[in-house]
Structures are given as structure tokens and as C-alpha cells.
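Letter by letter, the chains look like this.
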2 protein chains.
Amino acid sequence: MRVGAVQFAPTFGDVRGNLERCLALVSSADADLFVLPELALSGYVFESREEAESLAQDPDAEEFAALASAGAERGAAIVVGFAERAGDSLYNSSVLLAPDGSRSVYRKIHLFNDEKRIFDPGDRPPAVVDVGGARLGMMICFDWIFPETARTLALLGADVLCHPANLVLPYCQRAMVTRCIENRVFAVTANRVGTEERAGQSWTFTGQSEIVAQSGEILARAAPEGDAVIVAEIAHEEARNKLVTPANHIIEDRRPELYRLG
Amino acid sequence: MRVGAVQFAPTFGDVRGNLERCLALVSSADADLFVLPELALSGYVFESREEAESLAQDPDAEEFAALASAGAERGAAIVVGFAERAGDSLYNSSVLLAPDGSRSVYRKIHLFNDEKRIFDPGDRPPAVVDVGGARLGMMICFDWIFPETARTLALLGADVLCHPANLVLPYCQRAMVTRCIENRVFAVTANRVGTEERAGQSWTFTGQSEIVAQSGEILARAAPEGDAVIVAEIAHEEARNKLVTPANHIIEDRRPELYRLG
């Protein structure tokens, strides 16, 4: 399958404009799966929870219908990050829009820094969704620093980690190589670029969206700045071969009875 | 405290000569903790379990008394890998020789490749030992690829991961940066160098022993070849500050109730 990461700089608060940019970038490339950044429609730095609520969608919103249509036309699944309104709750979420019209939502379980003031933490375990025979797992941005996130997805059978991000620290792109090696899964990290100066804060996002193989090989990496769509061909079934040597199955070799992970 | 990694090429089967080399290298530098490679006294490629047994020690062996003395003279703790004879069992172990004369043994819980034919897997959980106020945890070589090893040690309160190694794959040195960042601990990886051609096998070890800070900074790294002692000054107490941002405590932010790690 061909997997892509879409990198761009959302304009804060311009949901319509950001959607158009997403649609244009998806239409500029050919892939079976596109991963877009975290909070791609709203922007990142909210002054208040109320402001975030005013820019939030629910997964049935028309914006996702438009994205799903653009994907379905090309036979592609799309993963995109968004602020999710759900009753009185507000999550930093991503939605997986499958070509068959189905939608799956992941709610970020590890909120970063000021996000704790804006969002509710995800209330459901990470999950794996089968799309055309590929098993896709979603995690969002800072989830990367907790090895338990990718491990949980790998143990649930994920072939590909779909990883929308708004990264500001410099570590994740290298760490995703470790995440792939230790789990023998593929990963598509779609990071945003640009700087947001709002609410007395200034955050510059680090780009370098990347696609990493289960072997740890970096198959594609975007520049630190600028819009980009990177695409790589992957044999996602290789993620189901967990042998790192003829005698070492990276999952079966675990020793849960000796770990102290409480 | 000052921590050091000792890198050299053990000569297969020459326990006495390897011990002398260890003693000379430890005596050439000044540190409070020296970590030496995995199986530093015996060499690595055993033809059979019987051969490994013939080159094994128990933790009370005179070789460790000599190393402990050399360490104690300098006020230093020493961690060294060895083949451990324990009744009918044979482990790929490391011993921590503290300046006060106490000894702690770790038995590698994730055996690599042909080691499964030679050794018994470790039968006890990883543990943390307090030496002069520094909390030291041991893990050996291939243990690195399982994030549960370093995580277990971090959750037990380790400040410093003491990591004897005989690495042949090219990934670990970079992955240890991730291990340090995700746990906010220090790590001292002591890797061997050289090539062993025995028993129809040929293994070349990758050197590049390294000391990594809890921030992910590589404080010292040796060359891929050649003997070396690398030393770095660390403030090990910084490993107890688990805040990666003012709002993110890398341990307390975990969501064990949502992980699926069985």
C-alpha cells in the first residue's frame, strides 16, 4: 500500500480555509492512506476552552464528509486531527475516514502542557481498525513519549501507526524509529509547520513529517518548514512478522511476569 | 557523580587476560561508577552450553573480588557482565560491585538469538540498588529493545541504567536516547568491540559505548572500534524530576487503565 503524510501550517481559526488546504494537498498526491496533522482544522493555541469549543466539530461534521469524499474518490483512507465536541466534553481527537464511509475516532490520552487546560483527556483505549486489510492504529503527537501507546497498538495488531502531530520538541522524529523497531510496525507521523503566536504564547512546530518502516528505516521525511506531502510504498503485512532474528519474536519474547509496570 | 563506560575486545576463553584488561582500563580513569561490557570475562560466541559453563563464574568468584578491590580503591562501583553458574543453571548476568563490598546480580531476561541455546533466561525481575545515594538499575544488551525493561527500572526509581552490552545490530545506541527521554533517566551503555569467529559464526560488535542524559543529550560516545573509557559528570538526582514540561510528569501522566499490555 502507499501511505502519505500531509504537512502544512493551519491558519488559526480558519476552519474553512484549513479544510480547503487539506483537500488540495490530498488531491496533489496518490496514496491509499493519508495522515494529516493534529488539530488540522482549528489550529493549536487556544486562549480558552470556550474558544476551542467554538472551533470544534463532531465526527459527523460536513468537513469530514468533504474529506471522506476526496479520499473515497481516490480509494484512500484519511486520518486527520481535530477538536472534538462530544456533549459537554472536548477532546483532542483524530478521525479515520475509511473509503467505505465508516468513521473511527481516537481521543488523545496523553495531553501536552497547556492542552490540559483546554481539553478533556481521552476516555477510551487506543484501538485498531481494519481498512482494506491494513490494520491501522491512531495515536496523537505527545502520545509518542509513552512507549505504552505504540505498544498497546502493536499488541492489538496494528500494522501502521497513524500519528497526527503538532510537535514542538525536537525528539519525536528520531524516537519514532525506536517505536517502529521495538514493535516492528510502520509509522506515519504527519506534523505541522509554522509558528502560532497567540494568548501570550509562541509555538514553532518542527515539521519533518516522516514515514518509518518496521525495520526502523526512514522511508521518507519532509523538511522542517513548508507544506509537503510525502508518500512511501510499504508492505504493511511485514508488520506481522515479529521476528527480529530467527530466534527472537519481539512480542512473544516479552516477560510480562517480570515487569513492574503498575 | 562521574560515570564511565569501558569498551574493549575480550579474547574468547581468556578469563584471566580479560580480567587484567578490565582492571587496567578501570585504573586508567576516574569515576564513581564504571560499566563494563556483557560477558566481559568469557567472550561471547560459545560452541555449546558446556563450553559456556566451563567459562562461567559465580558472583563470589575471585575475579570479582579483584574488580571490587580495584573499584573500592577509587571509591567506585563496578558493573560487569559475566556468564553466571548457579547450580545447574547458567545465566547471562551482570554483577554490581559496590565500594562497600556488597554485590547484586541481574540475570538477563531477554536472551538474544543463539543465547537461547546457551543460557537460561533470567528468573527474577529487574531491580534497583542504592549505591551512595545513586539508584542504579541493570539491564543487559538486547533488553534495550523491550521498552518494558527500562520502564520497569524507572518505575522502581532508577536514576541510572547500567547497560553492559555486546551489540551487533546498529539500532541500540540511538534507541537509548529514546529510553532516556521517555523515562527521564541516565544511561551508561558499555559495548564491546572486535569480531568473534567461532562455531561457524562471525559476529562483529559495534562499539560506540555511550553515556546519555535524562534529557536525551549524548554526553559521551566512544568510537565504533578500539578500546576506550568514556566518562561524564552527571547530576543523577535530575532523574527524579520527571517533569518534561511544567504540566507533564512523565510517570504520573501515564494512563495504565487504558493500556492493553497483557
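Residues numbered from 1 in each chain as written. Chains lettered and ligands numbered in written order. Predicted model: local features only at pLDDT ≥ 70, side-chain atom pairs only at ≥ 80, totals over all residues. Heavy atoms only, no water.

### Quick notes on the overall build of chain A
Thought 1: When you go through chain A residue by residue, the secondary structure sums to six helices and 16 strands.
Thought 2: The C-alpha atoms of chain A give 17 Å as radius of gyration, which agrees with the globular expectation for 262 residues (18 Å, within 12%).
Thought 3: Viewed in the frame of its principal axes, chain A has a C-alpha envelope of about 55 × 40 × 35 Å.
Thought 4: Counting the 262 residues in chain A, one finds 61% classified as buried.
Thought 5: In chain A, the share of contacts with a sequence separation of at least 24, taken over all contacts with a separation of at least 6, comes to 68%. (Helix = DSSP H or I, 4+ residues; strand = E, 2+ residues; numbered from the N terminus. Rg over C-alpha atoms; globule rule 2.2 N^0.38 Å. Buried < 20%, exposed > 50% of the residue type's maximum accessible area, 1.4 Å probe, protein only. Contact = heavy atoms within 4.5 Å.)

### Structural notes on the confidence of the model for chain A
Thought 1: Considering every residue of chain A, the mean pLDDT works out to 97; 100% of them sit at 70 or more.
Thought 2: For this predicted complex, the interface score ipTM comes out at 0.97, alongside a pTM of 0.97. (pLDDT = per-residue confidence, 0-100.)

### Here's the deal with the interface of chain B and chain A
Thought 1: Taken together, the 44 residues of chain B in the interface contact 43 residues of chain A.
Thought 2: Summed over the shared surface of chain B and chain A, the result is eight salt bridges.
Thought 3: For Arg151 of chain B, the salt bridge is made with Glu148 of chain A, and the minimal N-O distance between the two is 2.8 Å.
Thought 4: On the surface where chain B and chain A come into contact, there are 27 residue pairs in polar contact (both at pLDDT 80 or more).
Thought 5: Going through the elements one at a time, helix H5 (147–155), helix H6 (172–183) and strand S15 (243–245) of chain B are the ones with two or more residues in the side of chain B that touches chain A.
Thought 6: In terms of residue class, the side of chain B that touches chain A is made up of 24 nonpolar, nine polar and eleven charged. (Salt bridge = Lys/Arg side-chain N within 4 Å of Asp/Glu carboxyl O. Polar contact = N/O pair within 3.5 Å; in protein donor to acceptor, adjacent residues only side chain to side chain. Nonpolar A, V, L, I, M, F, W, Y, C, P; charged D, E, K, R; others polar.)

### Some words on the nonpolar core
Thought 1: With 193 residues, the main nonpolar core has Leu33 of chain A together with Leu33 of chain B as its most contacted residues.
Thought 2: Dropping the residues within four chain positions of it, Leu33 of chain B is found in contact with Met1, Arg2, Val3, Gly4, Ala76, Ala77, Val79, Leu136, Val160 and Cys162 of chain B. (Core = buried A, V, L, I, M, F, W, Y, C linked by side-chain atoms within 4.5 Å.)

### Overview of the environment of Leu167 of chain B
Residue and element names in this part refer to chain B.
Thought 1: Here Leu167 shows up in the loop between strand S8 (160–165) and H6.
Thought 2: C-alpha separation for the pair Leu167 and Pro37, spaced 130 residues apart in sequence, amounts to 9.5 Å.
Thought 3: Sequence-distant contacts of Leu167, that is, excluding residues within four places in its chain, are made with Cys141, Trp144, Cys172, Gln173, Thr189, Asn191, Thr204, Phe205 and Thr206.

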